[in-house]
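# Results of the structural survey
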Amino acid sequence: IYEQGVLEQYKAQKNPKPHIFGLAAKSFRELMQSRKNQCILISGESGSGKTESTKFVLQVLTAVDENKTGASASICSQVMLTNPVLEAFGNAKTLRNDNSSRFGKWINVHFDRKGTIAGAEIKTYLLEKARVIHQSAGERNYHIFYQACQSAGQHKFLQDLGLEDATTFEYTKVCLHANNTDDVKSFERTKQALHFIKFDQQSQTNIFAAVSAVLHTGNLNIDEDREGNSTMKIERHLQQVATLTGLTAEGIKTAICCRNITAGTDVMVKPESKEKALQCKDALAKALY
């Protein structure tokens, strides 16, 4: 029921039955006839099909353009190729859904007076940042972590960024696999999509450096001394985070295990407890992501 032939029927208004294609096509016709902005709100509980429905709406909106030029065709392709990127960084396996969106998104598609796509913008909000540091049993972290870890064997630049098997990292070892998901193939799609929407190789390397830094942050070993103050050894995970973020290992250690107290012009450095330092470590990981 979602084949190209069905889409063409709804574009031509030859099928009166309720369908997501019909809704999207009607919205476009109203836009062109009334010259007023149209809105499609897609909502529902987890696993109800919001992500797939959004793809179908975009498929219709990029297909109704009868006057495509090379530029508008490129914009159409870029709009569709944002999906693999957004899903990689914002979707995860949950107990109810193997590809659950853990964020909201608002997509604006702009048309000129002839009905040709002139541009698009996507705003994301309310990302479930807590998932970065904790997942319930049977659930995964965001897809991108597993894609990058599983693909490290095929890509030297990922190895150079310190990415290894997902079992190595505290933030990804709760659940390693999602049904009907090939993380290696998904990584290639994500990488191709990033390239097509104008992320050059250096930008992509920087993105995956941040992904790796998040994982290594989760492996920082924080302990406490006899006075109950937090301590951290400078070991390979800390060194890796320092290299990936362009900071010093000692600076990261101090920032996580200590806090500054300012009194007038005086600044005192006070050690944090182990519990506070662990919270600081997780906050850093979430902020990086």
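Please refer to the structure placed before this passage.
Note that the structure is a prediction, hence the values are computed from the model and not measured. Counting restarts for each chain: residues are numbered from 1 in the order of the written sequence. This being a predicted model, a pLDDT of at least 70 is required before a residue's local features are given, and a value of 80 or more before pairs of side-chain atoms are given or counted; all residues contribute to the totals for chains, interfaces and linings. Side-chain measures here rest on the full set of heavy atoms in the structure, leaving out hydrogens and waters.

### As for the pattern of salt bridges
Note on definitions: salt bridges are taken to be side-chain nitrogens of Lys or Arg within 4 Å of carboxyl oxygens of Asp or Glu. Evaluation of the coordinates by the stated rule reveals twelve salt bridges. Note that Arg 102 is salt-bridged to Glu 128, the shortest N-O span being 2.8 Å. Remark: Glu 128 occurs in the loop between strand 4 (117–125) and helix 5 (130–133) and Arg 102 occurs in the loop between strand 2 (100–101) and strand 3 (104–111); sequence separation between them is 26 residues. Here the term buried applies to any residue with accessible area under 20% of the maximum for its type, exposed to any over 50%, and partly exposed to those in between, with areas from a 1.4 Å probe on protein chains only. On the basis of relative accessible area, Arg 102 is assigned to the partly exposed category, the value being 23%. Lys 173 is the salt-bridge partner of Glu 170, the closest N and O atoms lying 3.0 Å from each other. Given the relative accessible area of 43%, Glu 170 is considered partly exposed. Connected through salt bridges with shared partners, the residues Arg 102, Glu 128, Arg 131 and Glu 139 form a single ionic network. Secondary structure elements follow DSSP: runs of H or I of four or more residues count as helices, runs of E of two or more count as strands, with numbering from the N terminus.

### Some remarks on the packing of helix 8 (residues 183–196) against helix 9 (residues 201–218)
Where helices are involved, their axes are fitted lines through C-alpha atoms of the stretch in contact, as for all axes, and angles between N-to-C directions lie from 0 to 180°. The geometry of helix 8 relative to helix 9 is characterised by a closest axis approach of 10 Å and an angle of 130° between their N-to-C directions. Relative to helix 9, helix 8 is oriented oblique. Like other packed secondary-structure pairs, helix 8 and helix 9 cross with a definite hand, here right-handed. Contacts between helix 8 and helix 9 pair Phe 187, Lys 191, Leu 194 and His 195 from the former with Gln 201, Gln 204, Ile 207 and Phe 208 from the latter. Amino acid classes used here: Ala, Val, Leu, Ile, Met, Phe, Trp, Tyr, Cys and Pro are nonpolar; Asp, Glu, Lys and Arg are charged; the rest, including Gly, are polar. Along the lines of polarity and charge, the residues of the contact of helix 8 with helix 9 split into four nonpolar, three polar and one charged. Throughout this description, any angle smaller than 35 degrees is read as roughly parallel, any larger than 145 degrees as roughly antiparallel, any in the 65 to 115 degree range as roughly perpendicular, and the remainder as oblique. Each crossing is labelled by how the near helix is turned from the far one, with a counterclockwise turn of less than a right angle marking it left-handed and a clockwise turn marking it right-handed. Any pair of residues with heavy atoms lying within 4.5 Å of one another is described as a contacting pair.

### A word on the nonpolar core
As used in this record, nonpolar core signifies buried Ala, Val, Leu, Ile, Met, Phe, Trp, Tyr and Cys residues forming a set joined through side-chain atoms within 4.5 Å. Grouped together as the largest cluster of nonpolar side chains are 30 residues, with contacts concentrated most on Ile 144, Phe 145, Leu 158, Leu 163, Phe 208 and Leu 215. Tallying contributions element by element places helix 9 first for this core, with six residues. Ignoring any residue separated from it by four or fewer positions in sequence, one finds Phe 208 in contact with Ile 144, Phe 157, Leu 158, Leu 161, Leu 163, Phe 187 and Leu 194. With 19 residues, the next largest nonpolar core counts Ala 24, Met 32, Phe 56 and Val 57 among its residues.

### Side note on unusual backbone geometry
A positive phi is found at Leu 126, a non-glycine position, where the angle reads about 55°. Position of Leu 126 relative to the elements: it lies in the loop between strand 4 and helix 5. By relative accessible area, Leu 126 is classed as exposed at 72%. With phi around 55°, Asn 180 is a residue other than glycine that occupies positive phi space. As for its position among the elements, Asn 180 is in the loop between helix 7 (156–160) and helix 8.

### Quick word on helix 1 (residues 4–11)
Helical geometry: 3.6 residues make up each α-helical turn, so side chains three or four residues apart lie on a common side. Residues of helix 1 that are buried: Val 6, Leu 7 and Tyr 10. The buried side chains of helix 1 occupy one side of the element, clustering within an arc of 100° when seen end-on. Packing partners of the buried residues in helix 1 comprise helix 2 (20–34) and helix 3 (50–61). Looking one or two places after helix 1, you find Gln 13, whose phi comes out positive at around 60°. The arc under discussion is defined with respect to the helix axis, by the directions toward the C-beta atoms.

### Examining the layout of surface pockets
Detection works on a 1 Å grid of protein atoms alone, calling trapped sets that fit a 1.4 Å probe cavities and calling open sets with protein on both sides within 12 Å along at least five of seven lines pockets, with lining residues defined by an atom within 4 Å of a point. Grid points are joined across faces, edges and corners, and a volume is the space filled by probe spheres set on the points. Each pocket or cavity is described by its volume, and for the largest pocket that value is around 1,200 Å³. Ile 40, Lys 105, Trp 106, Ile 107 and Asn 108 are, among the 40 residues lining the largest pocket, the residues nearest its centre. Taken together, the elements giving at least two residues each to the lining of the largest pocket come down to helix 2, helix 3, strand 2 and strand 3. When residues in the lining of the largest pocket are grouped by element, the largest group, eight residues, is from strand 3. By residue class, the composition of the lining of the largest pocket is 16 nonpolar, 16 polar and eight charged. Taken as a whole, the second largest pocket encloses approximately 340 Å³ of empty space. Lining the second largest pocket are 15 residues, and of these Val 85, Leu 86, Phe 89, Gly 90 and Thr 124 sit closest to its centre. Of all elements in the fold, only helix 4 (70–90) and strand 4 reach the threshold of two or more residues within the lining of the second largest pocket. Ranked by residue count, the leading element in the lining of the second largest pocket is helix 4, at five residues. Classifying every residue of the lining of the second largest pocket by side-chain character gives twelve nonpolar, three polar and no charged.

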